[in-house]
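Secondary and tertiary structure notes
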Amino acid sequence: MNKNIHYEDQFIEQVWRLPDVWVLFTPPENAIKVADLPALQNNFITFGCFHNPAKVSHKTLQLWAEVLKKVQNSKLIWCRGELKETALAEKFRNELLQNGVLPEQITLFANSNSDEYFQTYAKVDFVLDTTPVCGGTTTCEALYMGVPTLTLAGELMSGRLSCSILHAVGLDAWICQSEQEYIENAIKISQKDNWQNLAHLRQQLRQKVVNSPLCDSPRFAENFEAAMWGMWEKFLQEQAA
């Protein structure tokens, strides 16, 4: 991730950057065992989405459609409780169809509990992130379930949360800087000769997450304490000037 990019002008407040990651993740107690890569059994790629519908923009649907059209026999599973609202689900389904996606490629699943939610991760090969607002908690959960997220780095903080999370677990290659790169990388990752690498990564990811700054609460607390003292000392210096 490019650490030389600065977005301080987006905020009224002065920005203070934590050294590792912006969030601390506590693994869910009811998460099931990481499943084998579905593609190896299905013989096709299944993309996943677990995001709040409010994050699924027209641009997101267009990008998903381009990927689904270009990856032969691919499918998309979108799992989210809010999709129980029939009108909402049909709205998204129709927009995907209007963008050239085939009906059999789309599964919109309204999970009724967290067990169904985590079980659905066993059915997807990797997640396609949303834009311009990306995943946060869902990205952490997906990684813990062995499912990497392909993200498009946004211009605002709300579009770069996944970037920080992926960087924390060493998956910078899954961060795209343009829409074209997002589409091309999705196609490349989906190629059959990459499935074994994806399967290997899947089995490593949970331990990567556990060993990363995402789950290191003492390290996060130390960084946060240092930030608080740093802010206070800077305030005192400014008052004395």
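Calculation notes
- Residues numbered from 1 in each chain as written.
- Predicted model: local features only at pLDDT ≥ 70, side-chain atom pairs only at ≥ 80, totals over all residues.
- Heavy atoms only, no water.
- Helix = DSSP H or I, 4+ residues; strand = E, 2+ residues; numbered from the N terminus.
- Rg over C-alpha atoms; globule rule 2.2 N^0.38 Å.
- Buried < 20%, exposed > 50% of the residue type's maximum accessible area, 1.4 Å probe, protein only.
- Contact = heavy atoms within 4.5 Å.
- Pairing = 2+ DSSP bridges.
- Expected span 1.5 Å × (residues − 1).
- Arc of directions from axis to C-beta.
- Phe/Tyr/Trp six-rings, centres within 6.5 Å; stacked < 30°, edge-to-face > 60°.
- Lys NZ or Arg CZ within 6 Å of the ring centre and 35° of its normal.
- Core = buried A, V, L, I, M, F, W, Y, C linked by side-chain atoms within 4.5 Å.
- Right-handed = clockwise from strand over helix to strand, strands pointing away.
- Salt bridge = Lys/Arg side-chain N within 4 Å of Asp/Glu carboxyl O.

Each helix and strand counted, the protein has nine helices and six strands in total. Computed over its C-alpha atoms, the radius of gyration of the protein comes to 19 Å, within 12% of the 18 Å expected for a compact globule of 241 residues. The C-alpha extent of the protein, read off along each of the three principal axes, is 65 × 35 × 35 Å. Going through the 241 residues of the protein one by one, you find that 46% of them count as buried.

Its location among the elements puts Asn223 in helix 9 (residues 217–240). Other than its neighbours up to four places away in sequence, Asn223 contacts Leu18, Pro19 and Asp20.

The strands making up a sheet are joined through hydrogen bonds of the backbone, oriented either antiparallel or parallel. What the six strands build is an open sheet, ordered 3-2-1-4-5-6; its pairing is parallel. Where the open sheet ends on each side, the last strands, each with one partner, are strand 3 (106–109) and strand 6 (175–176). In the sheet, strand 1 (residues 46–49) pairs with strand 2 (residues 75–79) via four bridges, with the strands oriented parallel. Within the sheet, the bridge partner assigned to Gly48 lies in strand 2 and is Ile77.

In this model, helix 7 (residues 179–190) (12 residues) spans 17 Å end to end at C-alpha, consistent with the 16 Å of a helix rising 1.5 Å per residue. All of the buried residues in helix 7 are Tyr182, Ile183, Asn185, Ala186, Ile189 and Ser190. Projected down its long axis, helix 7 shows its buried positions confined to an angular sector of 165 degrees, all on one face. Structurally, helix 7 contributes buried residues whose contacts are with strand 1, helix 2 (58–70), strand 4 (126–128), strand 5 (149–152), strand 6 and helix 8 (195–211).

What follows covers the packing of aromatic side chains. Going through the model one piece at a time under the given rule, you end up with 12 aromatic pairs. Look at Phe47 and Phe126: their rings are 5.2 Å apart centre to centre, the planes differ by 85 degrees, and that puts the pair in the edge-to-face class. Residue Phe47 is located in strand 1, and its partner Phe126 is located in strand 4; the two are separated by 79 residues in the primary sequence. Neither residue differs from the other here; Phe47 and Phe126 are each classed as buried. Centroid distance Phe50 to Tyr121: 3.8 Å. Interplanar angle 15 degrees. Geometry classified as stacked. One end of the pair, Phe50, is in the loop between strand 1 and helix 2; the other, Tyr121, is in the loop between helix 4 (114–120) and strand 4, and 71 residues separate them in sequence. Owing to a relative accessible area of 1%, Tyr121 belongs among the buried residues under this scheme. Just above the ring of Phe44 sits the side chain of Lys75; from NZ or CZ to the centre is 5.3 Å.

A separate point is the nonpolar core. Buried together is how nonpolar side chains tend to be arranged in soluble globular proteins. Ranked by size, the top nonpolar core spans 65 residues in total, and within it Phe47, Trp64, Phe126, Leu128, Leu150, Trp174 and Leu214 carry the most contacts. Apart from the residues within four sequence positions on either side, Leu150 is in contact with Phe126, Val127, Leu128, Asp129, Trp174, Cys176, Tyr182, Asn185, Ala186 and Ile189.

Okay, the pairing of strand 3 next. Residue alternation in strand 3 divides its side chains into a buried set, Ile106 and Leu108, and an unburied set, Thr107 and Phe109. Where strand 2 meets strand 3, four bridges bridge the pair, whose relative direction is parallel. Its bridge partner being in strand 3, Trp78 is matched across the sheet by Leu108. As a crossover connection, the stretch from strand 2 through helix 3 (residues 86–98) into strand 3 is right-handed.

A separate point is the pattern of salt bridges. This model, assessed by the stated rule, comprises seven salt bridges. In this structure, Glu90 engages Arg93 in a salt bridge whose closest nitrogen and oxygen atoms are separated by 3.4 Å. One end of the pair is Glu90 and the other is Arg93, both in helix 3 and three residues apart, which spans about a single turn. Here Glu90 falls in the partly exposed class, since its relative accessible area comes to 33%. A single network of salt bridges, built from pairs that share partners, joins Glu66, Lys69 and Lys70.

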